[in-house]
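# Close look at the chain arrangement
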Amino acid sequence: EPEVTQTPSHQVTQMGQEVILRCVPISNHLYFYWYRQILGQKVEFLVSFYNNEISEKSEIFDDQFSVERPDGSNFTLKIRSTKLEDSAMYFCASRARGLSGKLFFGSGTQLSVL
Amino acid sequence: AQTVTQSQPEMSVQEAETVTLSCTYDTSENNYYLFWYKQPPSRQMILVIRQEAYKQQNATENRFSVNFQKAAKSFSLKISDSQLGDTAMYFCAFMSEETSGSRLTFGEGTQLTVNP
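Everything in this summary refers to the structure shown in the same document. As the structure is a prediction and not an experimental result, all values here were calculated from the model.

With that settled, the discussion passes to the sheet that holds strand S3 (residues 19-24) of chain A. By way of backbone hydrogen bonds, the strands of a sheet pair with one another, either parallel or antiparallel. Residue and element names in this part refer to chain A. Sheet architecture is open: four strands sit in the order S1-S3-S8-S7, paired in antiparallel fashion. The open sheet has two edge strands with one neighbour each: strand S1 (5-7) and strand S7 (65-68). The average angle at which neighbouring strand axes cross in this sheet is 20°, direction not considered. Pairing of S3 with strand S8 (residues 75-79), which is carried by five bridges, proceeds in the antiparallel orientation. Paired with Cys-23 across the bridge in S8 is Phe-75.

The subject of this paragraph is the packing of aromatic side chains. When we look at a pair of aromatic rings, we describe it by the centre distance and by the angle of the planes. This model, assessed by the stated rule, comprises 20 aromatic pairs over all chains. Each ring, one from Phe105(A) and one from Phe106(B), has its centre 6.3 Å from the other, and the planes form 65°; the classification is edge-to-face. Placement of Phe105(A) in strand S10 (residues 104-105) and of Phe106(B) in strand S11 (residues 104-106) is noted, with the two residues assigned to different chains. Given the relative accessible area of 6%, Phe105(A) is considered buried. In this structure Phe106(B) comes out as buried when scored by relative accessible area, which is 1%. Members of the aromatic cluster, joined through ring pairs, are Tyr33(A), Tyr35(A), Phe45(A), Phe91(A), Phe105(A), Phe35(B), Tyr37(B), Phe91(B) and Phe106(B). For Arg95(A), the ring lying beneath its charged end belongs to Tyr31(A), and the centroid distance is 4.0 Å.

Considering all chains together, one arrives at two disulfides over all chains under this definition. Between Cys23(A) and Cys92(A) runs a disulfide, and the two sulfur atoms are separated by 2.0 Å. Handedness of the Cys23(A)-Cys92(A) disulfide follows from its S-S torsion of about -65°: it is left-handed. Taken as a pair, Cys23(A) in strand S3 and Cys92(A) in strand S9 (residues 88-95) lie far apart in primary sequence, 69 residues in all. For the pair shown, Cys23(A) and Cys92(A) are each scored as buried. A disulfide bridge connects Cys23(B) with Cys92(B), and the sulfur atoms are separated by 2.0 Å. In this structure, the disulfide formed by Cys23(B) and Cys92(B) twists by about -70° around the S-S bond and is classed as left-handed. Taken together, the residues span a long stretch of sequence, with Cys23(B) in the loop between strand S3 (19-21) and strand S4 (24-26) and Cys92(B) in strand S10 (residues 88-96) at a distance of 69 residues.

The rules behind each value
- Residues numbered from 1 in each chain as written.
- Chains lettered and ligands numbered in written order.
- Predicted model: local features only at pLDDT ≥ 70, side-chain atom pairs only at ≥ 80, totals over all residues.
- Heavy atoms only, no water.
- Pairing = 2+ DSSP bridges.
- Helix = DSSP H or I, 4+ residues; strand = E, 2+ residues; numbered from the N terminus.
- Axes fitted to C-alpha atoms, helices over the stretch in contact; angles between N-to-C directions.
- Phe/Tyr/Trp six-rings, centres within 6.5 Å; stacked < 30°, edge-to-face > 60°.
- Buried < 20%, exposed > 50% of the residue type's maximum accessible area, 1.4 Å probe, protein only.
- Lys NZ or Arg CZ within 6 Å of the ring centre and 35° of its normal.
- Disulfide = S-S within 2.5 Å.

So this is what it looks like as structure tokens:
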């Protein structure tokens, strides 16, 4: 079965540093998402992306966050200046056209900000 | 805005027994989808089952079935013949059919432990 690939699986960074989390969605999918999960808490929506632009973002997704699909295959999440509270598991997901299509999740990137 | 509530933070069941996880949601929309996701200790998000709101028939996937009560805005998950590998966090989730972007809104989760 096709899968969403995320790299790296773990990322450790110093507070104030920039990080880029990378995702390769499933090739024929058109809708892309980032979610995050702080340890022990529920999965929270960050942003959705369609047709090369953000279609929706949550209040968490402030000016420190940005997304990009630079080359038609990768989908990246950038955090400009990391804070301690950005420590979480970040999930990428993708979906095919049609709202009945299910979301496929990647295995996540665990970000630790020290 | 939609909300999803899972009122059981933890549940346990004996192997081979049946367990039901509860979920309620709040929406003013008529067309939407509901999901149950399983998250084992590896933290991978695995889709267990999906229900379209316009379908009256409850979805089933092998040992997993749902009880969808649209008027009551209730969407419970029944796991039959529980197996040790079912031990995981289970999240109920809602997706609108009426808004662009179609994000999933998750509940708080229920930690299920299957005991041998």
